[in-house]
Amino acid sequence: MQPRDKQNVPNPITATLRPYWQYRDLVRNLVIKDLKVRYQGAILGFFWSLGNPLALILLYDFVFTHVFRSDLPNYILYLVVGVLHYNLFSQAVGQGCDSLIGGSGLIQKIYFPRILVPTSSLLFTFVLWIVAILILVILYPILGGIYHWGLLLYPLALALYVAFIWGIVLVLSVLQVEFRDLKHMVDIALMFGFWLTPITYGINVLKPRIRELISLNPLTQFMDLFHALLYSGTLPALNHVLIACAWTIATVSLGMMLFRRKARHLVEDL
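Please read all numbers here as calculations on a predicted model, not as lab measurements. (Residues numbered from 1 in each chain as written. Predicted model: local features only at pLDDT ≥ 70, side-chain atom pairs only at ≥ 80, totals over all residues. Heavy atoms only, no water.)

### Topic: the overall build of the protein
Okay, so step 1: Along its length, the protein carries 13 helices and zero strands.
Okay, so step 2: Helices (α) and strands (β) of the protein occur, in sequence order from the N terminus, as α-α-α-α-α-α-α-α-α-α-α-α-α.
Okay, so step 3: Buried residues in the protein amount to 43% of all 270 residues.
Okay, so step 4: Residue pairs at least 24 apart in sequence account for 77% of intrachain contacts in the protein once pairs closer than 6 positions are excluded.
Okay, so step 5: A total accessible area of about 15700 Å² is found for the protein, and carbon and sulfur atoms account for 67% of it. (Helix = DSSP H or I, 4+ residues; strand = E, 2+ residues; numbered from the N terminus. Buried < 20%, exposed > 50% of the residue type's maximum accessible area, 1.4 Å probe, protein only. Contact = heavy atoms within 4.5 Å. Areas by Shrake-Rupley, 256 points an atom, 1.4 Å probe, with all protein chains shown as cover.)

Next up, the structure:
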């Protein structure tokens with residue numbers, strides 16, 4: 001028997017992504033449509049995406065600098081890093097949860113991979129968030145940021161974080177179709193999540209028992225990655241990286257499995 005030519009063996013990753021890649025124009029159009037709808041008629045348009053995070057940063061900086069003083073050096077940088085990255089999670093999950101219901105008209109009219117609807121919702125949020133992170137890039141040295149070679153790892157940490165969020169969006173968007181009250185519970189959970197994640201405080205100031213509970217929050221691991229790279233000027237601890245990878249694999253696997261199981265019934269359920 002002749003050995004199979006290695007060049008003819010399909011790459012499993014390529015074979016998996018090819019069916020979705022042909023719909024890239026649809027995803028791009030969905031993102032552009034959402035951008036136009038959100039900022040249609042607004043004078044400042046796209047730059048309104050900076051309003052909420054900047055307002056929160058100024059408010060928390062005032063409270064924790066002048067009212068409840070924080071002992072963290074360059075506290076405003078610590079705060080900015082945490083708030084910006086939590087905002088990406090909060091907005092992506094909040095909007096992605098309702099994405100399948102919001103796109104029900106398109107889903108019922110034409111066939112395309114349904115997974116592209118929550119995916120385009122996440123990409124829309126990410127595009128808006130990029131503007132905010134560019135502001136951080138500009139202000140980074142002014143806020144006390146340190147340029148170091150470890151910053152080259154930031155895109156990898158961000159990609160891991162976005163994949164983690166994508167997995168959660170997939171799970172919640174499918175469950176929201178069956179349980180319409182879920183969106184309200186998610187909004188409440190996101191408010192609690194902000195304070196249960198070390199964003200306005202350092203985890204080391206907490207009591208040991210509380211610290212252990214906060215460490216169970218997967219967002220704590222990701223915030224440790226971002227604070228290490230962008231605030232402390234160091235490489236993140238290996239155990240934090242491994243835990244973040246484990247959470248990402250878990251959410252993406254669960255999201256894909258649940259979405260594939262429920263996708264065939266989405267049109268009827270919507």
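Once the structure has been displayed, the description carries forward.
### Thoughts on the packing of helix α8 (residues 154-178) against helix α9 (residues 182-195)
Okay, so step 1: As a packed pair, α8 and α9 sit with axes 9 Å apart at the nearest point and diverge in direction by 140 degrees. Comparing the axis directions of α8 and α9 gives the class oblique. Within the contact between the two elements, α8 uses L172, L175 and Q176 and α9 uses L182, K183 and V186. (Axes fitted to C-alpha atoms, helices over the stretch in contact; angles between N-to-C directions. Parallel < 35°, antiparallel > 145°, perpendicular 65-115°, else oblique.)

### As for the environment of R264
Okay, so step 1: Mapping R264 onto the fold places it in the loop between α12 (238-262) and α13 (266-269).
Okay, so step 2: Overall, R264 belongs to the exposed group, its relative accessible area being 64%.
Okay, so step 3: Separated by 150 residues in sequence, R264 and R114 have C-alpha atoms that sit 9.1 Å apart.

### A closer look at the pattern of salt bridges
Okay, so step 1: Tallying each qualifying case throughout the model produces one salt bridge.
Okay, so step 2: For D187, the salt bridge is made with K183, and the minimal N-O distance between the two is 3.2 Å. Taken together, the residues D187 and K183, both in helix α9 and four residues apart, mark about one turn of the helix.
Okay, so step 3: Overall, D187 belongs to the partly exposed group, its relative accessible area being 30%.
Okay, so step 4: Of the residues examined, K183 reaches a relative accessible area of 19% and is grouped as buried. (Salt bridge = Lys/Arg side-chain N within 4 Å of Asp/Glu carboxyl O.)

### A short note on the packing of aromatic side chains
Okay, so step 1: Tallied over the full model, the rule gives eleven aromatic pairs.
Okay, so step 2: An angle of 45 degrees between the planes, with centres 5.2 Å apart, marks the rings of Y161 and F222 as tilted. Note that Y161 is positioned in helix α8 and F222 in helix α11 (residues 218-232), a separation of 61 residues in sequence.
Okay, so step 3: Residue classification places F222 among the buried residues on the basis of a relative accessible area of 0%. (Phe/Tyr/Trp six-rings, centres within 6.5 Å; stacked < 30°, edge-to-face > 60°.)

### Some remarks on a nonpolar patch on the surface
Okay, so step 1: Together, I188, M191, F192 and L196 line one region of the surface with nonpolar side chains, adding up to about 430 Å² of accessible area.
Okay, so step 2: When you line up the elements, F192 lands in helix α9. (Patch = residues over 30% accessible without salt bridge, like charges linked within 9 Å, V, L, I, M, F, W, Y side chains within 5 Å.)

### Let's talk about the nonpolar core
Okay, so step 1: F89, V93, Y161 and I165 are the most contacted members of the largest nonpolar core, which totals 46 residues.
Okay, so step 2: Of all the elements in the fold, those that place two or more residues in this core are α4 (75-96), α7 (116-139), α8, α9 and α11.
Okay, so step 3: Of all the elements, α4 adds the most residues to this core, at 13 residues.
Okay, so step 4: Residues within four places of I165 in sequence aside, it is in contact with L88, F89, A92, V93 and L122. (Core = buried A, V, L, I, M, F, W, Y, C linked by side-chain atoms within 4.5 Å.)

### Quick look at the side chain of T125
Okay, so step 1: Relative to the helices and strands, T125 is located in helix α7.
Okay, so step 2: Not counting chain neighbours up to four residues away, the residues in contact with T125 comprise L88, Q91, A92 and Q95.

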